[in-house]
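# Architecture at a glance
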Amino acid sequence: MVTDKLMEAFHEIMQVGYTKAMEQQLDDIEDKHADWVEMLHEFYGPFKKSLDDAYKDLVHAKAETEPAPHTCPQCGGQTVYRFGKKGRFLSCARYPKCKYAAPVDREGNPVAPEQTDIACPKCESPMLLRRGRFGLFLSCARYPECAGILNLDKKGLIAAPKIPPLSTDLSCPKCDAPMNLRRGARGPWLSCSKFPKCRGRIGWSTLEENSRNALETALQAHEKQNPQAAVHKIDGTAVSEGYKPQPLNGGGESADEEAAGKE
């Protein structure tokens, strides 16, 4: 896709012959003291025009779509191939009204997500291993009826579910939106509720003592009402942060359990 875009916008300089000619010009500048300013003028004039035309006329790769021979499993509509950060993927043609998306194999067929040994913290159903714009994550197999999600780190290990932030009556110093209160490793901290669009912050130490005490009391009550969700396997075994979800085989056993059974 990137090569096609470069060929479309900068056809001349993408040719092998052009690169060879430029190398000769550079050699002449070094060995024969050719006029390097003239060489730059000859290059930059046409290049600048091609660059301006590309900004004006070239369609972004992420806006390109290609019809796909599959039916959307969520709405029954048509699907298309799109190009994203991780390469080509299958998407519902009705996006954003329908948000179905799936990775594809080399033949363009959708790759079904793997079922894992982790139970959904909301409804106890099995969770599926999926890939999103931010990497791998676990999603409830009953989605969209259940929106249970567990985040994974870069190594594919479970990250502990976070308690939802407490919305406060403090206003963001940048956009006036309500500030959210969370508890971090260094204590309570305040950030804009519109993050990441707005990255406004208020320093905890800058608040008056009475305000800090009131917010701390409210945060404690909020944490009591919203305890951190426990994560466990389908068989009920509790797992801690840093556990790597195991894919299940056709019989409902994880790969580790199946190997142990064969031994």
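Each remark here, short or long, concerns the structure printed above.
Let me sum up the structure you'll find in this document.

Reading guide: rules and limits
- Residues numbered from 1 in each chain as written.
- Predicted model: local features only at pLDDT ≥ 70, side-chain atom pairs only at ≥ 80, totals over all residues.
- Heavy atoms only, no water.
- Helix = DSSP H or I, 4+ residues; strand = E, 2+ residues; numbered from the N terminus.
- Expected span 1.5 Å × (residues − 1).
- Pairing = 2+ DSSP bridges.
- Contact = heavy atoms within 4.5 Å.
- Axes fitted to C-alpha atoms, helices over the stretch in contact; angles between N-to-C directions.
- Patch = residues over 30% accessible without salt bridge, like charges linked within 9 Å, V, L, I, M, F, W, Y side chains within 5 Å.
- Areas by Shrake-Rupley, 256 points an atom, 1.4 Å probe, with all protein chains shown as cover.
- Salt bridge = Lys/Arg side-chain N within 4 Å of Asp/Glu carboxyl O.
- Lys, Arg positive; Asp, Glu negative; His and termini not counted.
- Charge placed at Lys NZ, Arg CZ, Asp CG, Glu CD.
- Buried < 20%, exposed > 50% of the residue type's maximum accessible area, 1.4 Å probe, protein only.
- Phe/Tyr/Trp six-rings, centres within 6.5 Å; stacked < 30°, edge-to-face > 60°.

### Observations concerning helix α2 (residues 16–31)
Its 16 residues place the ends of α2 23 Å apart at the C-alpha level, agreeing with the 22 Å of an ideal helix rising 1.5 Å per residue. Taken from the residues just after α2, His33 is the one with a positive phi, measuring 55°.

### Section: the sheet that holds strand β12 (residues 201–202)
Taken in spatial order, the four strands of this open sheet run β9-β10-β11-β12, and their pairing is antiparallel. On the outer flanks of this sheet lie β9 (166–171) and β12, each paired with one strand and no other. Where β9 and strand β10 (residues 178–184) come together, three bridges link them in antiparallel fashion. Along β10, the bridge assignment pairs Ser171 with Pro178. Where helix α4 (residues 209–225) meets the sheet, its contacts fall on β9, β10 and β11 (187–192), and the angle it forms with β10 comes to roughly 70°.

### Some thoughts on a negative patch on the surface
Together, Glu23, Asp27, Glu30 and Asp31 give the surface a local cluster of negative charge. As for its placement among the helices and strands, Glu23 is situated in helix α2.

### Description of the pairing of β11
Of all six residues that make up β11, five are buried, and the element is covered over most of its length. As paired elements, β10 and β11 share six bridges and run antiparallel to each other. Within the sheet, the bridge partner assigned to Met179 lies in β11 and is Cys192. As consecutive antiparallel partners, β10 and β11 are separated by two residues.

### Focus: the packing of aromatic side chains
A complete count under the given rule lists three aromatic pairs for this structure. Each ring, one from Phe10 and one from Phe47, has its centre 5.8 Å from the other, and the planes form 25°; the classification is stacked. One end of the pair, Phe10, is in the loop between α1 (2–9) and α2; the other, Phe47, is in helix α3 (residues 36–57), and 37 residues separate them in sequence. By relative accessible area, Phe10 is classed as buried at 14%.

### Looking at the pairing of strand β6 (residues 126–132)
The pairing of strand β5 (residues 114–119) with β6 spans three bridges and is antiparallel. Residue pairing in the sheet places Gln115 in a bridge with Leu128 of β6. Counting the residues in the hairpin turn of β5 and β6 gives six residues, including Glu124, whose phi is positive at 75°. Relative to strand β7 (residues 135–140), β6 runs antiparallel, the two sharing six bridges. Paired with Arg130 across the strands is Phe137, a residue of β7.

### Here we look at the pattern of salt bridges
By the definition in use, this model includes six salt bridges. One salt bridge in this structure joins Lys32 and Asp28, with 4.0 Å as the shortest N-O distance. Residue class for Asp28 comes out partly exposed when judged on its relative accessible area of 21%. A salt bridge links Lys49 to Asp53, with the shortest nitrogen-to-oxygen separation between them at 3.1 Å. Placement of the pair is Lys49 and Asp53 together in helix α3, with a separation of four residues, close to one helical turn. The class of Lys49 is exposed, set by a relative accessible area of 53%.

Spatial relationships are all this shows, so hold off on functional conclusions.
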